[in-house]
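# Results of the structural survey
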Amino acid sequence: MAGLPDFPEVRISAGRLDIREFGPADAGLVSEVLQGGDWLPLSTALVGPVGASDTGDPADLDWWLADAVHEPRRDGTGLDLMMLAREDDQIVGWIYLTDVDRYACSAQIGYGVRPHARGRGFATEALVAVSRWALTAGGLQRVWLSVNTDNLASLRVAKKAGVTQEGTLRRASLEEDGLHDVAVLALLDDEI
Ligand SMILES: CC(C)(COP(=O)(O)OP(=O)(O)OC[C@H]1O[C@@H](n2cnc3c(N)ncnc32)[C@H](O)[C@@H]1OP(=O)(O)O)[C@@H](O)C(=O)NCCC(=O)NCCS
């Protein structure tokens, strides 16, 4: 594809977090998350396979770590990363690039933090670090977020990370509890 070259390997050292891609040796780290029942904040790309491995078959998890989780990177459409807290070497959340546009050099960022780890600034720390990486080493010129306007915690994270709200898509997202307005926010490479 024209435009963007393949992403380099992601190994980001943020304040309290190491942010990196999943690998075959991470079964212990991911199992600890699954045993805690904490797969919900995963990105859509991860929910299916990890939900399946929640049935208890370690082969599912090995396959996911060795192969499935890397599909977005292989396709050039995204990257799935873990937030690893250095204090206890446990996964506290996930952050991912998706909808990569290799011509416009843009991508959407999404994130989730495990319930017990929320409110400690991990999402903000990860968003700052990953957006900076994406807009420098990652070769992108725009990263953007779409956040339901009633997701006040996520809007706050975006604001703390310096991401600008560009507009609101009215009734753009259908969820179990009905339609939601969606805020679109972005950060450009000349804004970091
Ligand atoms: C959104 C989410 C990632 C935030 O993670 P986090 O690590 O707790 O975020 P941070 O600690 O960096 O910041 C959270 C901020 O939101 C604020 N906040 C939390 N709940 C809030 C609420 N109901 N109303 C207003 N502000 C709220 C916190 O006070 C904090 O702001 P502060 O530092 O000014 O006090 C986490 O709640 C989550 O995983 N939610 C479910 C998945 C999700 O919504 N992902 C984002 C999709 S766009």
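Because the structure is a prediction, the values reported are computed rather than measured.

Two descriptors summarise a pair of aromatic rings, namely the distance from one centre to the other and the angle between the planes of the rings. For the structure on display, the rule yields two aromatic pairs. Relative to Trp133, the ring of Phe7 lies with its centre 5.8 Å away and its plane at 50°, an arrangement referred to as tilted. Taken as a pair, Phe7 in the segment before strand 1 (11–13) and Trp133 in helix 5 (residues 122–135) lie far apart in primary sequence, 126 residues in all. Looking at Phe7, the relative accessible area reads 7%, which means it is buried. Residues Phe22 and Trp64 carry aromatic rings whose centres are separated by 5.3 Å and whose planes lie at 65° to one another, so their mutual orientation is edge-to-face. Of this pair, Phe22 sits in the loop between strand 2 (17–21) and helix 1 (27–35) while Trp64 sits in helix 3 (residues 58–66), placing them 42 residues apart in sequence. The ring of Phe7 carries the charged tip of Arg102 above its face, separated from the ring centre by 6.0 Å.

Further remarks concern the sheet that holds strand 4 (residues 90–101). The eight strands lie next to each other as 1-2-3-4-5-6-8-7, forming an open sheet whose pairing is mixed. Looking along the sheet, the strands with just one partner apiece sit at the ends: strand 1 and strand 7 (164–175). Sheet twist, expressed as the mean angle between neighbouring strand axes with direction ignored, is 25°. Inspection of the sheet shows strand 1 paired to strand 2 by three bridges, in the antiparallel sense. Note that in strand 2 the partner of Arg11 across the bridge is Arg20.

Looking at the secondary structure, you find Pro8 in the segment before strand 1. Remark: the alpha-carbon pair of Pro8 and Gly138, spanning 130 residues in sequence, is separated by 6.8 Å. Not counting residues up to four positions away in its chain, the partners in contact with Pro8 are Glu21, Arg73, Trp133 and Ala137.

All told, the structure shown has ten salt bridges when counted by the stated rule. Asp18 is the partner of Arg86 in a salt bridge, and the nearest nitrogen-oxygen pair spans 2.6 Å. Separated by 68 residues along the polypeptide, Arg86 in the loop between strand 3 (79–85) and strand 4 and Asp18 in strand 2 bring together distant segments of the chain. Residue Arg86 is classed as partly exposed on the basis of its relative accessible area of 38%. Asp18 gets classed as partly exposed once you look at its relative accessible area, which sits at 26%. Of the charged contacts in the structure, one is a salt bridge between Arg120 and Glu87, with a shortest N-O distance of 3.0 Å. Taken as a pair, Arg120 in the loop between strand 5 (106–113) and helix 5 and Glu87 in the loop between strand 3 and strand 4 lie far apart in primary sequence, 33 residues in all. Judged by its relative accessible area of 54%, Glu87 falls in the exposed class.

Calculation notes
- Residue indices follow the written sequence of each chain, beginning from 1 at its first position.
- Whole-chain, interface and lining totals are the exception, using all residues; otherwise, since this is a predicted model, local features are given only for residues with pLDDT of at least 70 and side-chain atom pairs are given and counted only at 80 or more.
- Hydrogen atoms and water are omitted, and side-chain values are computed over all heavy atoms in the structure.
- Centres within 6.5 Å make a pair out of two Phe, Tyr or Trp rings, where for Trp the six-membered ring is used; the pair is then stacked when the planes are under 30 degrees apart, edge-to-face when over 60, and tilted otherwise.
- Where helices and strands are cited, they refer to DSSP runs of H or I of at least four residues and of E of at least two residues respectively, numbered from the N terminus.
- A simple rule labels every residue: compare its accessible area, found with a 1.4 Å probe on the protein chains alone, to the largest value its type can have, and call it buried under 20%, exposed over 50%, or partly exposed in between.
- By definition here, charges over rings are those cases where NZ of Lys or CZ of Arg is within 6 Å of the ring centre and within 35 degrees of the ring normal.
- For two strands to be treated as a pair, DSSP must find at least two bridges joining them.
- Every angle, taken between N-to-C directions, lies between 0 and 180 degrees, and every axis is a line fitted to C-alpha atoms, over only the stretch in contact when it is a helix.
- Here, residues are in contact when the closest pair of their heavy atoms is within 4.5 Å.
- Any carboxyl oxygen of Asp or Glu within 4 Å of a side-chain nitrogen of Lys or Arg constitutes a salt bridge here.

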